[in-house]
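Structural description and commentary
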Amino acid sequence: MKILVTCKRVLDPYVKARVKADGTGVNLDNVKMAMNPFDEIAIEEAIRMREAGKADEIVAVSIGAAKTEETLRTALAMGADRAVHVVTEDDIEPLGVAKVLKSLVESEQPGLVIMGKQAIDGDSNQAGQMLAALLGWAQGTNVSNVELDGDTANITREIDGGLERLALKMPCVLTSDLRLNEPRYASLPNIMKAKKKPMDKKPIDELGVDTAPRQTLVSVSEPPPRAAGVKVASVDELVDKLKNEAQVI
Amino acid sequence: MNFGLTDEQQLIVDTVRSFVENEIYPFEAEVDKAGEVPHELAQSIMQRCKDIGFWACNMPESVGGGGLNHLDFTLVERELGRSSMALNHFFGRPSNILMACEGEQIEKYLMPAVRGERFDALAMTEPDAGSDVRGMKCSAKLDGGDWVVNGSKHFISHANVADFVITFIATGEEDTPRGKKKKITCFLVDRDTPGFDILPGYNSVSHRGYQNCILSFKDCRLPAGQILGELHGGFDIMNTWLYATRLTVAAMSVGRARRAFELTLPWCAEREQFGQPIGKFQGVSFQLADMITEIDAADWLTLAGAWRLDQGLPANREIASAKVHATETLAKVTDTCIQLHGGMGLMDDLPFERFWRDARVERIWDGTSEIQRHIISRDLLRPLGA
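Fair warning: this is a prediction, and the values are worked out from it, not measured in the lab.

Here we take up the overall build of chain B. A tally of helices and strands in chain B yields eleven helices and ten strands. Its C-alpha radius of gyration of 22 Å places chain B within 12% of the 21 Å reference for a compact globule of 386 residues. Its C-alpha atoms put chain B at 80 × 55 × 40 Å along the principal axes. Among the 386 residues that make up chain B, the fraction classed as buried is 51%. The contacts in chain B between residues at least 6 apart in sequence include a share of 74% that link residues at least 24 apart. Roughly 17700 Å² of accessible area belongs to chain B as shown, and the carbon and sulfur atoms make up 53% of that amount. Across chain B, the mean location of the 40 positive side-chain charges is 6 Å away from that of the 54 negative side-chain charges.

Turning next to the interface of chain B and chain A. Each partner contributes to the interface: chain B provides 16 residues, whereas chain A provides 13 residues. At the boundary of chain B with chain A, total buried surface from both sides reaches about 1300 Å², with 66% on carbon and sulfur atoms. On the chain B side of the interface with chain A, the three residues burying the most area are B:Asp7, B:Glu8 and B:Leu11, jointly 42% of the side's total. Inspection of the region where chain B meets chain A yields one salt bridge. Looking at side-chain class alone, the side of chain B that touches chain A contains seven nonpolar, five polar and four charged residues.

A few words now on the pattern of salt bridges. Residues and elements named next belong to chain B. Tallying each qualifying case throughout the model produces 49 salt bridges over all chains. One salt bridge in this structure joins Lys137 and Asp128, with 2.9 Å as the shortest N-O distance. The exposure class of Lys137 is exposed, given its relative accessible area of 53%. On the basis of relative accessible area, Asp128 is assigned to the exposed category, the value being 54%. A salt bridge links Asp175 to Lys180; the shortest N-O distance between them is 3.1 Å. Residue classification places Asp175 among the exposed positions, given a relative accessible area of 61%.

Before going further, it helps to spend a moment on the sheet that holds strand β9 (residues 162-169) of chain A. All names here are of chain A. Taken together, the nine strands give an open sheet; going across it, the order is β9-β8-β7-β10-β6-β1-β4-β5-β11, and neighbouring strands pair in mixed fashion. Edge positions in the open sheet fall to β9 and β11 (199-203), since each of these has one partner strand only. Neighbour-to-neighbour, the strand axes of the sheet open up by a mean angle of 30°, direction not taken into account.

Considering every residue of chain B, the mean pLDDT works out to 95; 100% of them sit at 70 or more. Model confidence for the complex is summarised by a pTM of 0.89, with the ipTM given as 0.84.

It is worth spelling out the nonpolar core at this point. One finds A:Leu112, B:Phe54, B:Val76, B:Leu98, B:Phe168 and B:Leu228 to be the most contacted residues of the largest nonpolar core, which totals 95 residues. With eight residues, helix α1 (residues 7-34) of chain B is the single largest residue contributor to this core. Looking at this core, you find at least three residues from each of domain 1 (7-93) and domain 2 (120-232) of chain B.

Residue and element names in this part refer to chain A. With respect to the secondary-structure elements, Ser103 resides in helix α3 (residues 94-108). The buried category is assigned to Ser103, whose relative accessible area is 16%. Spatially, the C-alpha atoms of Ser103 and Leu131 are 10.0 Å apart, while their sequence positions differ by 28 residues. Leave out the neighbours within four places in its chain, and Ser103 touches Leu207 and Val209.

On to the domain arrangement of chain B, then. One frequently used descriptor of interface size is the decrease in accessible area upon assembly of the parts. Residue and element names in this part refer to chain B. Taken as a whole, chain B is organised into domain 1 (7-93), domain 2 (120-232) and domain 3 (243-384). In this structure, domain 1 and domain 3 have C-alpha centres spaced 21 Å apart. Taken together, the contact pairs 21 residues of domain 1 with 22 residues of domain 3. The contact between domain 1 and domain 3 buries some 1800 Å² in all, and 57% of this surface belongs to carbon and sulfur atoms. In this structure, the connection of domain 1 to domain 3 is made through six salt bridges.

Moving on, we come to a nonpolar patch on the surface. Residues and elements named next belong to chain A. Together, Val235, Val239, Val248 and Ile249 make up an exposed nonpolar region whose accessible area comes to about 380 Å². You can see Val239 is positioned in helix α6 (residues 235-245). When its relative accessible area of 34% is taken as the criterion, Val239 is described as partly exposed.

Residues and elements named next belong to chain B. Between helix α9 (residues 316-341) and helix α10 (residues 352-362), whose axes approach to 9 Å, the crossing angle comes to 155°. Considered as vectors, α9 and α10 are oriented roughly antiparallel to each other. The interaxial crossing formed by α9 with α10 has left-handed handedness. For the pair α9 and α10, contact is made by Lys323, Thr327, Leu330, Ala331, Thr334, Asp335, Cys337, Ile338 and His341 and by Phe352, Glu353, Phe355, Trp356, Ala359 and Glu362, respectively. In terms of residue class, the contact of α9 with α10 is built from eight nonpolar, three polar and four charged.

Across all of its chains, the model carries 13 aromatic pairs over all chains by this definition. Arranged with centres 5.5 Å apart and planes meeting at 45°, the rings of A:Tyr185 and B:Phe19 form a pair that is tilted. Taken together, the residues span two chains, with A:Tyr185 in the loop between β10 (172-176) and α5 (188-194) and B:Phe19 in helix α1. With a centroid separation of 5.0 Å and 80° between ring planes, the pair formed by B:Phe19 and B:Phe91 is classed as edge-to-face. Placement of B:Phe19 in helix α1 and of B:Phe91 in the loop between α4 (85-88) and α5 (104-115) is noted, with a sequence separation of 72 residues between them. For B:Phe91, a relative accessible area of 0% corresponds to the buried category.

Glancing now at a negative patch on the surface. Judged by side-chain charge, A:Glu89, A:Asp90, A:Asp91, A:Asp205 and A:Glu206 come together as a negatively charged surface patch. Its place among the elements puts A:Asp91 in the loop between β5 (82-87) and α3.

With that settled, consider the environment of B:Gln9. Residues and elements named next belong to chain B. By the element assignment, Gln9 lies in helix α1. Placed 66 residues apart in sequence, Gln9 and Leu75 show a C-alpha to C-alpha distance of 7.7 Å. The residues touching Gln9, leaving out its near neighbours within four places in the chain, are Gly4, Leu71, Asp72 and Leu75.

Cut-offs applied
Residues numbered from 1 in each chain as written. Chains lettered and ligands numbered in written order. Predicted model: local features only at pLDDT ≥ 70, side-chain atom pairs only at ≥ 80, totals over all residues. Heavy atoms only, no water. Helix = DSSP H or I, 4+ residues; strand = E, 2+ residues; numbered from the N terminus. Rg over C-alpha atoms; globule rule 2.2 N^0.38 Å. Buried < 20%, exposed > 50% of the residue type's maximum accessible area, 1.4 Å probe, protein only. Contact = heavy atoms within 4.5 Å. Areas by Shrake-Rupley, 256 points an atom, 1.4 Å probe, with all protein chains shown as cover. Lys, Arg positive; Asp, Glu negative; His and termini not counted. Charge placed at Lys NZ, Arg CZ, Asp CG, Glu CD. Buried area = accessible area lost by both parts, 1.4 Å probe. Salt bridge = Lys/Arg side-chain N within 4 Å of Asp/Glu carboxyl O. Nonpolar A, V, L, I, M, F, W, Y, C, P; charged D, E, K, R; others polar. Pairing = 2+ DSSP bridges. Axes fitted to C-alpha atoms, helices over the stretch in contact; angles between N-to-C directions. pLDDT = per-residue confidence, 0-100. Core = buried A, V, L, I, M, F, W, Y, C linked by side-chain atoms within 4.5 Å. Domains from an automatic or database assignment. Patch = residues over 30% accessible without salt bridge, like charges linked within 9 Å, V, L, I, M, F, W, Y side chains within 5 Å. Parallel < 35°, antiparallel > 145°, perpendicular 65-115°, else oblique. Left-handed = near helix turned anticlockwise from the far one by under 90°. Phe/Tyr/Trp six-rings, centres within 6.5 Å; stacked < 30°, edge-to-face > 60°.

So, in structure tokens, the structure goes:
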């Protein structure tokens, strides 16, 4: 079985995001970039499936500008077998991403797609669901455990208030939650092999899918600075403030 | 000329950086306080290093090592240098002098070291022979087919966890233009050799938990088969294989200086005094500018030294410059980082006092700053007959 795994290049999670002065986005010039942490988990899961003999090929996919190649090399160094780089300078919205991935699924014919549950830049948590819908495949989102059994993926999802267990008919789309696994380090032998592994570059225009934006970015701003706390004299006052000031109950 | 890292080099840097951040940083403070490394922690770091194929990354692929060249290995050392030496020591890099092993020595010492089954240590220094290596007193006399060793060594790093010690011992004297000098031979000495003891050393202010030991030889018999390289060939083998260890010190110093700087920079942007971030005061901002300039310079000097080795170019002076500049930069940077943190910088709640203590030894071991300056100036003046 072939597994298609996505890996997005995002701002390093340990770097403090700074909004551009003109409010048009987050400043990504000269800051450290890294693979989306949820995608690292997705790749790790695919590698474990291959190691367990449940899969025989892992294709890592990413959409982005030239530097995206570095993120794909990381995926190859972790253990993916080959990479597909869909080249674009544009910021693609989740629906566009899903359409691009659908096109790749049609040409690659994987038995399983594993994605991060969301990318830590846009935090949309949409592309996986949209891809499953476009393909008409089953979807398992926010999974914390996966066991493959023939044509069935038995998964555990983290939902509000507990765990949900589902049996999905494959092929399907899975999106990884934080607790699915702990991604490995790239090993030295794999780092040395990564350069020799194939990387296809496909200009996004050649895929024939409509990735035009459907949203307009109005502005990006820093969250308001946290105000100092106050002491309340009684439970009644607390409840009053939660109701009327914070408006959370 | 290209100053960028290749994809492979970037991945190597990223991997080792993640390794030290996840596997070493969390334990540094406790190891520094305890002055020793818990056995399980050492085992865990060793195992994880093996799991990712970085064990013996400095050794050639022909013997099962990672086959990194000098530049790539220097990048590894630079990233490891960000972390505690007591712990990063278990990210195994056997001494490459073991490549001089021949015959039975290969299976007994070289291969087990590359596989991570046996740990080596290296012994040269004596109480009366520091920079003056040829003044060593620990000596061996031929008796039958064996060499009988008497004397002692000190400051022998991590011999407490070593299975064997690569030891330089005087095996005679020769006349030189500057008087009598010792002939030196390199021996492989197993930990359990009768007459050989590895004793606890001193408590150092630097790198607590990375122990130094005293070696004692009392009528210790070593068969001729324990000689590494040629009899009286200690200097040759030293020059061939230990030539570049100064680069390791330089690279580690660069890594640690950059870590200290990276922790200090955001502090200067956030800490407010007199109604503004302290980084806005020129007295502080210029110190930041000076620090990053010196760190980058040390970084490039170090990488350039490694690059020269890979190109087969003369590198003795360049490596000495890298060592002296990187270690002195580390000293200045760690001192400045404490200054910019004020009183809190001295407290062991923050890592700066540890960095500052650890920095001190770097200007001393593997050739003091004075010896490095001697090497540099000799290299400059000798061709002029001075």
